[in-house]
Each structure stands twice: as C-alpha cells, then as structure tokens.
Amino acid sequence: MTISYKWLNEYLPETVEPERLGRILTSIGLEVEKMEMYEEVKGGLEGLVIGEVLSAEKHPNADKLTVTKVNIGNGEPLQIVCGAPNVEAGQKVVVATVGTTIYPGTGEPLTMKIAKIRSVESHGMICAEDEIGLGTSHAGIMVLPGDTKVGQSASSYFEPYWDFVYEIGLTPNRMDAMSHWGVARDVCAYLNHHDKKGTRPKLPNGNGFKVDNTSLPIDIKVENAKACPRYSGVSIANVAIKESPKWLQQKLKSIGLRPINNIVDITNFIQHETGQPLHAFDADKIAGKKIIVKNLAEGTTFITLDEKERKLSAEDLMICDAKEGICIAGVFGGLHSGVSDQTKNIFLESAFFDAVITRKTSFRHGLRTDAASRFEKGTDISATVNVLKRAANLIKEIAGGEIASEIVDVYPGAKPKTEVAAKWHYIKKLSGKNYHPDSVKDILTSLGFEMIKEGIDELRVAVPYHKTDVSLAADIVEEIVRIDGLDNIEIPEAITITPSVEENYAKEVYREKVANYLVGLGFNEMMNNSITNSAYFSEGEQQSMVKMINSLSAELNILRNSLFETSLEVVAHNLNHKNNSLRLFEFGKAYSTPGVGKYTEAEKLCIVITGNKNEDGWKQKNSLSDFYFLKGTVDAVLKMLGIVPDSIETSEVLKFDNHIVYKIKGDIIAGAGEVKKKILERFGIKQPVYFAGLNWDVLSKLASRQSVAIKELPKYPSVQRDIAMVVAKELTWDKVKQAVQNVKLNKLQDIKLFDIFESEKLGTHKKSIAVNFTFLDEEKTLTDKEIDGWMSKIMTALEKDLQAEIRK
C-alpha cells in the first residue's frame, strides 16, 4: 500500500514531520517498509536559474551554433554556446550553470562543465524543456515570459511537486488502512493517546451535495442480494471529459498511478482517499436506463476493458443493463460501457460486494485490480452513499455538469453492527499492561467504536463497519495495544518457559555444514518462491505437478517439481543486472502429485554455476566455469557428508547436455550437467549454465548413518605410479575407474586422471589418457615387487576389459 505524506497530512489536524510519521505508522502496526522522496521533476530543478540572453551572435566556426551572453543576476554575464535555432537576445531562459546536474526526461544525468565547443568556451547550457524533465519537446530552448525575474531559481519559479511516499506492509485483515483517510484515523488515535491533544481527522464528506434535476434517472435492481448487499448510484449529466487539474494529477502520480482523464482520475482519487472503489459508466450506453445486478449463464462471453473476451462463470456477479452484462462486479469494467472522450453523461456506482465472491471471480479471470483487492478484504458498507456524494461534488467541480438524479440506494437488509465484549482482566492478561479504563475508551472511541456498556468487570462495544476483522475480545485488545504502540509492549523481568528438546536435528546440522562450505567456496545462497509459472513446463510434465486453484497471478500458478526453473529465473535476473559470474545454491522444496488427492513434498539442494571461475588478477588470468568445476563441487559436498556413490553414470536428460547421475544401490541421489541452449534461450540467457540437483532428503539420511572415525596419520610413505594408455575416444572415465576397482586391490588408495591427449597419429576415434595410482600400506613400507605385481594386474584388466593399449 502506497501512502503520500502530503496527501495524508491534509486529513490530520496538524502537520507531522515525515520521520516521526514513519515511526508512528510502524508503531501502530502499519509497518513502513520504505520511505522515499518523490519528485515530479527529478532533481527538483536544483541549481537551475532564470537568465536573460543579452546578446546572440553566430558562432565563428559553426553555422548552426550561437554564442550568447547570458545574465543570471550575480555579476558578469556567462558566455554560453547554444545550438537551439530559436535563441535570441532579450529572451528569459532557464540556465544550467557549471556544476549543476540536469536530469533529462530520458537518458542519464549530466553535470555541467566548462567546455570548448569548436574553439569557443562555454560556461553552462541554456535548456530545452526535455533536457530538465519539464516536457518532451526538443524543438528549441524554453522561452519564459518577459516579466520573469532574472536570477530567480528555477525551482521557485516552476515549483515542481515533491512529496514523501511510504510503502506500508499491510496485513490482509487491515482493509481499514487501505486508504489515506483510514491511515489518518489511526494516526489521530495515536496522537490523541500519546500527545493528549484531542485531535480528530478531517473527514472527507459529501457536504454540499445537491440534486440539480432528475433528467437522467437510472433504475436499479439487485437480483443477488447476497453477493451485493448494498448498491448505490447517481447520474451526472453534461460533463466535460478532459485532462485532470494539476493538483489531482500530482496526487495520483505520487502514489504511482497514471492520470487518464478527469472522471477516471476522480474515481481513483476517491478510492485511495476513502478506500471505497467506484465505477463510472457512460450513461448513454446503458440500455433501457436500467442497472441490474445479477449472475449470467455459465459460459456467457464478455469483453473487458483490456479488449479480451472472457467466458463467465455462473458464480460471477455482473452489472447488467436491459440487454447484457456491462461490468464484472467489483473487478473490471466492460469495453463498451466505460467513459470515453465522447462521454457526456455518466452513471456513478458505489457498492458493497461480497468479499469471497469477488476474490474468486478476480482469481478465476486473472484480474487482480485495485478495486478487487479492496472488495475481497471487505469495504465499509456504511460509506457507499457518503462517498458517492463526495465523488459527485468533485465531478461537478472538475468536469462541470449537473447532478441529474436522486441517489438510488438499494440496501434491503441494513447490516447491524457487531457487538464485542471484553473483560478488564482479559485485557490486562493479553496485553501484559494495566490500562486505565479512560485510556481504553479514548483509544476505541478514536477508532470509531461505540461504547454500549461499561461495567466493573466488562466493556461492551459496537464495532464500526470499517473494522471488518474485529469480532473477538482478542481483536479489541489488539486495537488497544496497537494504538498504544507495539514498541511499547512491556517485557516482564522474568519469562517462564518449558525448554524443548529437538530430537531430529541432524538434518539441519548437515544443511548448515554444507551451506557454510559452499559459502566458503564463494557461493551465494538464494531463496526462491515454490510457486512458479506453468508456462515453463510441457503438458506432459504438468500432469504430475501440483496446480494452484486460487493462483496469486497468471505467472504464479503451479508448484515447482524441481529447483531448476526458479534457479534459471535468478540467473537471468542477475545477468540482466550485469552480474555475469555466479555461484548459487538453494535448499528448497519440490512438489509432485503421483495421483488424484496424493501429494509429495521433497527437500532438494541445487547448485548453479555460470560465468568465470575466477577473475583477472596480477597473478592469474580469468578462466570460464565448466562442467568439471560443477562436478568437483558436487563431489566435495558428497565427500563432506561421508557419502561414497556406488557409481557415477552418464545419462540422457531432455534439458541437459553432458549429464551425469550419482547412484547408491541403483537409486539416483544427485545429478549434474550443462543446461541445453534452447532451454537457456527461453529465459533470455546467452552464456553457459551448469546445474546440479541433489536429493537432500536422501543425502541427509545417508549422512546421519555415517560414523565419524579418527585415526592417526600413516607412518609409512605412499607410492605413486602412472600409466599412459590409448583407448577408444568415446570411453568415459567412469568405466576406467570401475575397471580398476574391479581388480579389488586393498592397498590402492586413490586413482586420478591427469592428462588427455588426442591426435590423428593415435588412430581414428582414439585418445591417450594418463592415470595416476596411489598405493599405501599402513603397516609397512611397500616394495617395488609388490607394486609391480599390482600394476601388472591393473594393466591386464584395462587391456582385457577396455581393450586399452598400454603405452611404454
């Protein structure tokens, strides 16, 4: 939720400093996640001054340049070379002096320096409107009225709008704070309680509303009162659709809204002022001058404002005229009934729609609008008419016209206020603080609660309609504690707890160990959303995946079945921000559905590498990451966990090249490979990416079964021998290693590949590999005779099993 500082202060009885206001908002549960300066013109025209062109002469070395003398009111005139065709002596202009930074509407900021342009020195710049963010024209310099004061700062002349903007992290239950008026009410309650000033917010109201005539009556009928308990509307005739006044545009822009036209802007303004969504229809397009609130048949087609044809559900509530649907109630308008530049008469809607029905419709059609987000949390059912009057008055003021009907308010069953009782001792117990009854009453009254009964033991209140989440005594305590200040909750001197003992902690211990190891290797941990985009997966893949019924958005509609796709999103995001060398890992959940109503959840570990293995330095050149760097990292993780795979095999995987799998007892525990280019292209990635996925649930269980053994260092030296051999070009290292292991030599400690050589001289489809063997006997020194015997067995096995040719 975005809140404008200046806008909010219009409803406060006194101005509160921006920093203090931010602290107050956080203290009362409206956590300020970010506060930043908003400038209508970036840089605020700082450093720009108004000058007068004293002379303008042709540049001696350029036909299209002019050498000017400009008086900026502080002494000797400045010599400025200007390229604009319209510069003339006597003009009042905007000047950027040396040292001033200008912020063009597009492009990078530019700081003025003394420059020589075709051998003539220039001390600044005479500005066009697009060069300082005041417009888009670059036809020439800005020429100001003749009576403009020389030496005046441009910021004081143009008075560009500025503001502070708060980003508030609202919890879903706080619909009452989804407006500037709602936030102002909470701030005033806080000031009342802490400053004891008896302040009350300035309430936006419909005072002065007057019906001019009844020339444009619209009949309203609500057929589904459950989905629409209250519907109010009024007609306004002879309006002029045009651009909104500057003050209205500035307010909307400050909170990130794009001005459209005066009518639409007013409805947006009212929504963010009061929290009540409005909708304006072109009254001349309402067939039969009737509004009917009802459901249409399943599969009925409807074209929305975004020009998309949608098939309606029988559960979707629609606003209809005498012929057809014209708006999805509380969610999105129709293409043919909205306000356009040709609109002369409008019908303004202010209604209360059922939260659950609105939310389901919004998600069903993937339409997450501001209006829907408010209706689905619950709006103030008592405010529809007052807000309608407020909006009608604004429309008359800004767009002209006359109110051409009485307000029609269909509200068949007036909703009673919820009553809640809270015992004084319960308030003390839950809050941990002994509040004075008068303080409690003042806080609740400031928030709109009505005192029904006050007894020795109990307080009974009527909950205001805007507090849709308050229904329990605990909710009342929350309101009291919130306004008192969440940071004022008293901490007791002693806390009595029962210590818990965690039994199955090994998994987290190993996770922390591996994470620390990877960070030590230069990796960064990433945390991704388990919900991802179904567009990444084929229809076949989606069959075993868990789909979201009420998805957050069209792009987040399915639970991931691996960490692969979400990791590539992170890689793409970083590459787009010029972070080209990445080492990333993630511990995360993956989900699948082996059958209807059956779901599995598995924890995975993924490792992702792309870009350079190391950067350029004085001692080394950069080198690119490759598959073997990834494999070495996976091997190191497994070794740290004490896990030795039975085999490492190559495998054909649809999304990978050079893919291998690690197996124990035939089950895959990990896989690693280079991502195929066609997969990377879907994410906009143009450099190689290497990905490894490890089954963390299995690995952590295997690791927990390992016992740590400590032994002394060997007393006797190890002995190393090398073999070079010519083998088939397609032979994998895993097969070489397996052939040696099949010999079953107990004293063989290690086997390593240290060289590969390919040449036509070796023969077609041949290569030469060099292998190092390490032998060790912990009880005695090995003899050459023993080692020669073992090497003879190894060579015999290689020649027999792999048809290797041993090179002498």
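Everything below is about the structure printed above this text.
What comes next is a walk through the structure. (Residues numbered from 1 in each chain as written. Predicted model: local features only at pLDDT ≥ 70, side-chain atom pairs only at ≥ 80, totals over all residues. Heavy atoms only, no water.)

Our focus in this paragraph is the overall build of the protein chain. Check the secondary structure of the protein chain and you find 20 helices and 42 strands. Relative to the globule expectation of 28 Å for 808 residues, the C-alpha radius of gyration of the protein chain, 37 Å, shows a markedly less compact shape. Structurally, the protein chain occupies a C-alpha span of about 115 × 90 × 65 Å along its principal axes. Counting all 808 residues of the protein chain, 47% fall into the buried class. Nonlocal contacts in the protein chain, meaning residues at least 24 apart in sequence, comprise 69% of its contacts between residues at least 6 apart. Of the accessible surface of the protein chain, which amounts to about 42,100 Å², a share of 49% is contributed by carbon and sulfur atoms. Distance from the positive charge centre (100 side chains) to the negative charge centre (110 side chains) of the protein chain: 4 Å. (Helix = DSSP H or I, 4+ residues; strand = E, 2+ residues; numbered from the N terminus. Rg over C-alpha atoms; globule rule 2.2 N^0.38 Å. Buried < 20%, exposed > 50% of the residue type's maximum accessible area, 1.4 Å probe, protein only. Contact = heavy atoms within 4.5 Å. Areas by Shrake-Rupley, 256 points an atom, 1.4 Å probe, with all protein chains shown as cover. Lys, Arg positive; Asp, Glu negative; His and termini not counted. Charge placed at Lys NZ, Arg CZ, Asp CG, Glu CD.)

An α-helix turns once per 3.6 residues; consequently, residues spaced three or four apart project the same way. Considered for burial, the residues of helix α10 (residues 424-431) that qualify are Trp424, Ile427 and Ser431. Viewed end-on, α10 has its buried residues packed into an arc of 60 degrees, placing them on one side of the element. Turned more than 90 degrees off the buried face of α10, the exposed positions are His425 and Lys429. Tucked into the core, α10 has its buried residues touching β25 (419-423), α11 (437-446), β26 (450-454), β27 (458-462) and α12 (473-484). Glycine 432 lies just past α10 and shows a positive phi near 75 degrees. (Arc of directions from axis to C-beta.)

Next up on the list: the packing of aromatic side chains. Under the criterion given, the structure shown has 16 aromatic pairs. Aromatic side chains phenylalanine 587 and tryptophan 696 sit 5.1 Å apart centroid to centroid with 75 degrees between the ring planes, which places their arrangement in the edge-to-face category. Remark: tryptophan 696 occurs in helix α18 (residues 696-704) and phenylalanine 587 occurs in strand β31 (residues 582-595); sequence separation between them is 109 residues. Using a relative accessible area of 0% as the deciding quantity, one classes tryptophan 696 as buried. (Phe/Tyr/Trp six-rings, centres within 6.5 Å; stacked < 30°, edge-to-face > 60°.)

What follows concerns unusual backbone geometry. A positive phi angle, near 60 degrees, is found at asparagine 238, a position not held by glycine. Position of asparagine 238 among the secondary structure elements: in the loop between β14 (230-237) and α5 (246-254). Phi is positive for asparagine 658, which is not a glycine, with a value near 50 degrees. Relative to the helices and strands, asparagine 658 resides in strand β36 (residues 656-664). Taking the relative accessible area as the measure of exposure, asparagine 658 reaches 53% and is therefore exposed.

This paragraph deals with a nonpolar patch on the surface. The grouping of Ile491, Ile495 and Ile497 at the surface amounts to a nonpolar patch, some 390 Å² of accessible area in total. By relative accessible area, isoleucine 495 is classed as exposed at 63%. (Patch = residues over 30% accessible without salt bridge, like charges linked within 9 Å, V, L, I, M, F, W, Y side chains within 5 Å. Salt bridge = Lys/Arg side-chain N within 4 Å of Asp/Glu carboxyl O.)

One finds Leu25, Ile395 and Ile476 to be the most contacted residues of the largest nonpolar core, which totals 72 residues. It is helix α9 (residues 384-399) that provides the largest number of residues to this core, a total of 8 residues. The contact partners of isoleucine 476, leaving out residues within four places of it in the chain, are Val420, Ala422, Leu444, Phe449, Val461 and Val470. Counting 32 residues, the second-largest nonpolar core is a separate cluster that includes Ile609, Phe627, Val634 and Ile643. (Core = buried A, V, L, I, M, F, W, Y, C linked by side-chain atoms within 4.5 Å.)

Once that is clear, we can look at the sheet that holds strand β28 (residues 524-525). One open sheet accounts for 7 strands, arranged β28-β31-β32-β38-β37-β36-β35; its pairing is mixed. Pairing within the sheet leaves two strands with one partner each, and these edge strands are β28 and β35 (647-651). Where β28 meets β31, 2 bridges bridge the pair, whose relative direction is parallel. Bridge pairing in β31 links asparagine 524 to leucine 584. Here helix α15 (residues 564-576) sits on the sheet and contacts β31, β32 (598-610), β36, β37 (667-675) and β38 (689-695); the angle it forms with β31, its principal contact strand, is near 150 degrees. (Pairing = 2+ DSSP bridges. Axes fitted to C-alpha atoms, helices over the stretch in contact; angles between N-to-C directions.)

This part covers the packing of α11 against α12. One way to put it is that α11 packs onto α12 with a least axis distance of 10 Å and a crossing angle of 95 degrees. Considered as vectors, α11 and α12 are oriented roughly perpendicular to each other. Note on element contacts: α12 touches α11 through Ile476, Glu479, Ile480, Ile483 and Asp484, opposite Val440, Ile443 and Leu444. Taken together, the residues of the contact of α11 with α12 break down into 6 nonpolar, no polar and 2 charged. (Parallel < 35°, antiparallel > 145°, perpendicular 65-115°, else oblique. Nonpolar A, V, L, I, M, F, W, Y, C, P; charged D, E, K, R; others polar.)

This part takes up the environment of leucine 680. Here leucine 680 shows up in helix α17 (residues 677-682). Here the alpha-carbon distance between leucine 680 and isoleucine 50, two residues 630 residues apart in the chain, equals 54 Å. Leucine 680 has contacts with Leu568, Val675, Ile685, Gln687, Pro688 and Val689, leaving out every residue within four places of it along the chain.

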